[in-house]
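# Structural overview for review
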Amino acid sequence: MFDKKTIRDIDLQGKRVLVRVDFNVPIKNGLVGDDTRIRAALPTLEYLIGHQAILILCSHLGRPDGSPDVKYSLKPVAEHLSQLLSKPVGFADDCIGAITTSKVAALKPGDILVLENTRFHAGETKNDADMARQLAALADIFVNDAFGSAHRAHASTEGVAHFLPAVAGFLMEKEIQYLGDVISAPEKPFVAILGGAKVSDKIGVIRNLSAKADVILIGGGMANTFFKAEGYPVGESLVEDEALDQAREFLKIGKTQIRLPVDVKIADKFAEDAAWKLMPTGPIPNGWMILDIGPETVIAYAKVIKKAKTVIWNGPMGVFEFPEFAKGTFGVAQAIANSQATSIIGGGDSVAAIQQSGLAGKISHISTGGGASLEMLEGLSLPGVTILLDK
Ligand code: AMP
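Predicted, not measured: the structure shown is a model, and the values here were computed from it.

## Brief notes about the site of the ligand
- Around the ligand sit 14 residues, and of these A197, G221, I290, E321 and D349 come closest.
- Measuring from a nitrogen atom of the ligand, one finds a backbone N or O atom of G221 at 3.0 Å.
- Considered on its own, the ligand offers 510 Å² of accessible surface; in the complex 81% of this is hidden by protein.
- Here the residues of the shell around the ligand are counted per class, giving 6 nonpolar, 5 polar and 3 charged.

Right under this line is the structure:
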């Protein structure tokens, strides 16, 4: 249950509303690349405009060093947003300070002003109270719609909410509803599919989900550490020796709940044009490395997915950047798309994979937050959400 106030619960008419959005999008040659995150904020922005609020938008973009860097400017984003909304969008060269304050003062209901990258100030990532107070001084209400940044307590995500009435936007609400419901009360059978490069990034997720999921299907580079923990050589495969003990612990949970690939695609080098062959899971020959799950594994995993009522997926099954080693990832994506289950894809590379496969429309919820969705799956609460007003 999402128990925080949202923009539905607060009077917006003529109010100056500071909206923390997640406009951390790729910029190339001064133009926005994939604009999924900007589009995801539109329902909130359109609602605020419709309710005659004065919109002041802030976000970070990339990792500037706490000082201005034109490479990370949000100006192209403001221009892109203006096209998406078909209306003028103003831009302030700083997110705080005198010029910004005077630009805000000139705004009328329905107007939109995008503020420059919050990370151009070192106070942002330090959650500096003075910076938070200056941001808060621009507005009457704070709306957090930046799910992708909600796991970080920064000045514009958490700090500012100490100084203003703070509520959630629609994207935040939707993300927490989906990911939160899965964590608290998944419809069963509940199947989690976990892949990606490393086990160490996902130990908390496996631990938390092993208490909730009926089956956890493992793939990607992280499977290699499990294979090694089972005692056989993995050749040149990516492996994390420091996570072997943890993998052994997880293996004790048992194979009915934690499943490993039954076959793998191995390659003679880490390259798109590598020579490859399929083999059943077992000792990997010297000089070879596992770069994908095999077709038998895709079939076995698809059978499990077919029976599920809830599916959550995080992390590719192989090196999907190389077409020959993307087959396992796309096979699993297809199985999720075919299933009747409530399906959730949590952030990062699995989102890229589902978009590349053209199956995104068949997924119940595609999260906009990588790190934030992982923290939800770990069962943690997000500081940018905790601080919002309770219903
Ligand atoms: P993550 O950010 O942890 O979700 O990891 C995603 C990355 O894992 C992708 O860039 C994949 O190329 C990589 N990956 C998946 N499977 C393997 C594998 N078997 N060996 C090496 N890297 C892999």
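## Considerations on the packing of aromatic side chains
- Taken as a whole and assessed by the stated rule, the structure comprises 3 aromatic pairs.
- Ring plane angle 65° and centroid distance 5.3 Å describe the contact between F270 and F322, whose orientation is recorded as edge-to-face. Remark: F322 occurs in the loop between β15 (310–314) and α10 (327–338) and F270 occurs in the loop between β12 (263–267) and β13 (276–280); sequence separation between them is 52 residues.
- Here F270 falls in the exposed class, since its relative accessible area comes to 54%.
- When its relative accessible area of 14% is taken as the criterion, F322 is described as buried.
- Over the aromatic face of W276 sits the side chain of K265, whose NZ or CZ is 4.3 Å from the ring centroid.
- The cationic tip of K277 hangs over the ring face of W288; the distance from NZ or CZ to the ring centre is 4.3 Å.

## Quick look at the nonpolar core
- Judged by nonpolar contacts, the single largest core of 72 residues is most densely connected at L18, L115, I206, I216, I218 and F226.
- Viewed by domain, this core spans two of them, domain 1 (7–171) and domain 2 (179–377), each represented by three or more residues.
- When sequence neighbours within four positions are dropped, the list of residues in contact with F226 reads V199, I206, I218, A247, F250, L251 and L260.
- I38, L45, L48 and L74 belong to the second largest nonpolar core, which has 31 residues in total.

## Structural notes on the pairing of β15
- Of all 5 residues in β15, 5 are buried; the element is thus mostly enclosed.
- Bridge count for strand β9 (residues 190–194) against β15 is 5 bridges, and the pairing is parallel. Paired with L194 across the strands is N314, a residue of β15.
- The sheet contact formed by β15 and strand β16 (residues 342–345) spans 4 bridges and is parallel.

## Some thoughts on the environment of L74
- Considering the arrangement of structural elements, one finds L74 in the loop between β4 (54–58) and α2 (75–85).
- When its relative accessible area of 1% is taken as the criterion, L74 is described as buried.
- C-alpha separation for the pair L74 and G30, spaced 44 residues apart in sequence, amounts to 9.7 Å.
- Not counting chain neighbours up to four residues away, the residues in contact with L74 comprise F23, S59, L61, F91, V114, L115, E116 and N117.

## Considering unusual backbone geometry
- Note that the residue after K188, namely P189, is joined by a cis bond; omega there is -5°.
- Tracing the sequence through the fold places P189 in the loop between α5 (170–184) and β9.
- One non-glycine residue, Q52, adopts positive backbone phi at about 60°.
- The partly exposed category is assigned to Q52, whose relative accessible area is 33%.
- Unlike most non-glycine residues, N127 shows phi in positive territory, near 55°.
- Positionally, N127 belongs in the loop between β6 (112–115) and α4 (129–136).

Calculation rules
- The residue numbering used here restarts from 1 in each chain and proceeds along that chain's sequence as written.
- In keeping with the model being predicted, local features are shown solely for residues with a pLDDT of at least 70 and side-chain atom pairs are shown and tallied solely at 80 or more, while totals for entire chains, interfaces and linings include all residues.
- For side-chain calculations, the full set of non-hydrogen atoms in the structure is used, while hydrogens and water are omitted.
- For each residue, the test is whether any non-hydrogen atom lies within 4 Å of the molecule or strand; if one does, the residue is near.
- Nitrogen and oxygen atoms within 3.5 Å of one another constitute a polar contact, given that in protein one can donate a hydrogen and the other can accept it, and given that sequence-neighbouring residues count only through two side-chain atoms.
- Values of accessible area rely on a 1.4 Å probe in the Shrake-Rupley scheme; residue burial ignores everything except the protein chains shown.
- For this scheme, ten residues count as nonpolar: Ala, Val, Leu, Ile, Met, Phe, Trp, Tyr, Cys and Pro. Four count as charged, namely Asp, Glu, Lys and Arg, and the remainder, Gly too, count as polar.
- Each Phe, Tyr or Trp ring, with Trp reduced to its six-membered ring, pairs with another whose centre is within 6.5 Å; inter-plane angles below 30 degrees give stacked pairs, above 60 give edge-to-face pairs, and intermediate values give tilted ones.
- Note on conventions: DSSP H or I runs of at least 4 residues are helices, E runs of at least 2 residues are strands, and numbering of each starts at the N terminus.
- Each residue is placed in one exposure class: buried if its accessible area under a 1.4 Å probe, protein chains only, is under 20% of its type's maximum, exposed if it is over 50%, and partly exposed if it falls in between.
- Should the NZ of a Lys or the CZ of an Arg lie within 6 Å of a ring centre and within 35 degrees of the ring normal, that charge is described as sitting over the ring.
- Residues enter a nonpolar core if they are buried and are Ala, Val, Leu, Ile, Met, Phe, Trp, Tyr or Cys, with the set joined through side-chain atoms within 4.5 Å.
- Domain ranges listed in this record stem from an automatic or a database domain assignment.
- The contact definition used throughout considers only heavy atoms, calling two residues in contact when any of these lie within 4.5 Å.
- Here, strands pair whenever DSSP counts at least two bridges between them.

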